[in-house]
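What follows is the residue order along each chain.
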Amino acid sequence: MDIVTLHPILKAFLAGSFSGTFSTILFQPLDLVKTRLQNPNPTILNGRNGIGMLNVFANVVQQERIVGLWKGITPSLTRCVPGVGLYFCSLDWLKTNLFPGTTPSSLQLVALGIFARCMSGVPLIPITVVKTRYESGVYGYTGITSALREIYRTEGIRGMTCGLVPTLFRDAPFSGLYFMFYTQSKRLIPEDFFNAQYSAPAHFTCGITAGILASVVTQPADVLKTKMQLYPSKFNGIWSVAVYVHGKYGIQGYFKGMVPRMLRRTLMAAMAWTVYEQITKSAGLK
């Protein structure tokens, strides 16, 4: 079946999944480094002090070879590919049904992004837990299915959904702010750029701008999410994690791993939106 003949919502899902696949594979090393910066394990990092992004990169390559940078890629793809697809088709459905033929305001754009992310993120939270634990190097899971069984057996539903609140506090505002910044950035660029040979660079530039702004705002929630998912028995809730991080690291603790996360989220989102825009235009969705 030709993609042009498919339902618009299915087109959006397929375009989103396609764009999510490439961006997830390409930027997985940044996600792994971010997770390890937020959880500095002396055993994994050979007891080094002052660990930075480049040190973590070098250590992973030294101990696990270059393929170690893609540790956790399977749960990442399992989460991100359908997740990005669900996000784009949810966003398309919400925008089409709630604002037919009209241009949403900035606040409405934020709300659309938040609702779309919640609709796509909540069902995939168990995979998010497995992905975080894979990347940390703390857990010795051998597969997604066995990891899910082990988590359910030892921690129950609470373990399967741990970190849900900070995950939503991170992803929902990020998606809402990103969609708003991205849309507003597009409005500042002449329409001719999006109809000519500069279409892809123009979309990518808008994506980079939106990603940087949204990443900084949501970084603290990412740190809290990582801690909760790695050590669910240690914390009773988001407040106890926040107190722990502040007590041990101070304010700067809420921004651990910000550089690799900003690079990954910004480049990944920019690429995903650029590919999505090009595919949807070719498929007749726009």
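Throughout, a residue's number is its position along its own chain's written sequence, starting from 1. Given that the model is predicted, a residue must reach a pLDDT of at least 70 before its local features are reported, and side-chain atom pairs must reach 80 or more before they are shown or counted; all residues, however, enter totals for whole chains, interfaces and linings. Only hydrogens and water are set aside; all other atoms, that is, all heavy atoms of the structure, feed into the side-chain values.

Caption draft 1: How the structure looks around the packing of aromatic side chains. Between the rings of Phe, Tyr and Trp (Trp by its six-membered ring), a pair exists once the centres lie within 6.5 Å; its type follows the angle of the planes, with under 30 degrees stacked, over 60 edge-to-face, and the other angles tilted. If you walk through the whole model with that rule in mind, you get 10 aromatic pairs. With 6.5 Å between their ring centres and 55° between their planes, Tyr134 and Tyr141 make a pair best called tilted. An identical accessibility class is assigned to Tyr134 and Tyr141; each is buried. For the pair Tyr139 and Tyr141, a centre-to-centre distance of 5.4 Å together with 20° between the ring planes defines the contact as stacked. Accessibility expressed as a relative area gives 23% for Tyr139, which makes it partly exposed. Aromatic ring contacts, followed pair by pair, group Tyr87, Phe88, Phe174, Tyr178, Phe179, Tyr182 and Trp273 into a single cluster. Above the plane of the ring of Phe174 lies Arg265, whose end atom (NZ or CZ) is 3.9 Å from the centre. Exposure categories follow from relative accessible area, calculated using a 1.4 Å probe and restricted to protein chains: below 20% of the type maximum is buried, above 50% is exposed, and the middle band is partly exposed. Whether a charge lies above a ring is judged from NZ of Lys or CZ of Arg, which has to be within 6 Å of the ring centre and within 35 degrees of the ring normal.

Caption draft 2: Main features of unusual backbone geometry. Its identity as a non-glycine residue notwithstanding, Arg65 has a phi of 65°, on the positive side. Each helix corresponds to a stretch of at least 4 residues labelled H or I by DSSP, and each strand to a stretch of at least 2 residues labelled E; elements are numbered beginning at the N terminus. Tracing the sequence through the fold places Arg65 in the loop between helix H2 (53-64) and helix H3 (73-98).

Caption draft 3: Structural detail: helix H4 (residues 106-121). To estimate how far a helix should extend, the number of its residues minus one is multiplied by 1.5 Å. Compared with an ideal rise of 1.5 Å per residue, which puts 16 residues at 22 Å, H4 spans 22 Å between its outermost C-alpha atoms and is within 8% of the ideal. Among the residues of H4, Leu109, Val110, Leu112, Gly113, Ala116, Arg117 and Ser120 are the ones counted as buried. One side of H4 holds all its buried residues, which, seen down the axis, span an arc of 160°. Across H4 from its buried face, at more than 90 degrees, point the exposed residues Leu107 and Phe115. Summarising the geometry, the arc corresponds to the directions from the helix axis toward the C-beta atoms.

Caption draft 4: How the structure looks around empty space enclosed by the protein. Definitions used throughout: a 1 Å grid over protein atoms alone; a cavity as a set of points that fits a 1.4 Å probe which cannot get out; a pocket as an open set with protein on both sides within 12 Å along at least five of seven lines; a lining residue as one with an atom within 4 Å of a point. Grid points are joined across faces, edges and corners, and a volume is the space filled by probe spheres set on the points. Counted under the stated rule, the structure contains 1 cavity of 30 Å³ or more. Taken as a whole, the largest cavity encloses approximately 470 Å³ of empty space. Lining the largest cavity are 31 residues, with Arg79, Val84, Arg117, Arg265 and Met268 positioned closest to its centre. The set of elements that each furnish at least two residues to the lining of the largest cavity consists of helix H1 (8-38), H3, H4, helix H5 (125-136), helix H7 (164-188), helix H9 (199-230) and helix H11 (258-282).

Caption draft 5: Focus on the packing of H3 against H11. Contact geometry for H3 and H11: axes closest at 12 Å, N-to-C directions at 60°. Looking at the two axes, H3 sits oblique to H11. Seen along the crossing, H3 lies across H11 with a hand that is right-handed. In contact with Cys80, Tyr87, Phe88, Leu91 and Asp92 of H3, H11 contributes Arg264, Met268, Ala272, Trp273 and Tyr276. Just so you know the grouping, Ala, Val, Leu, Ile, Met, Phe, Trp, Tyr, Cys and Pro go in nonpolar, Asp, Glu, Lys and Arg go in charged, and all remaining residues, Gly too, go in polar. When its residues are assigned to classes, the contact of H3 with H11 shows 8 nonpolar, no polar and 2 charged. Helix axes are fitted to C-alpha atoms over the stretch in contact, other axes to C-alpha atoms as well, and angles between N-to-C directions run from 0 to 180 degrees. Any angle that falls under 35 degrees is termed roughly parallel, while one over 145 is termed roughly antiparallel, one within 65 to 115 roughly perpendicular, and all others oblique. Each crossing is labelled by how the near helix is turned from the far one, with a counterclockwise turn of less than a right angle marking it left-handed and a clockwise turn marking it right-handed. Here, residues are in contact when the closest pair of their heavy atoms is within 4.5 Å.

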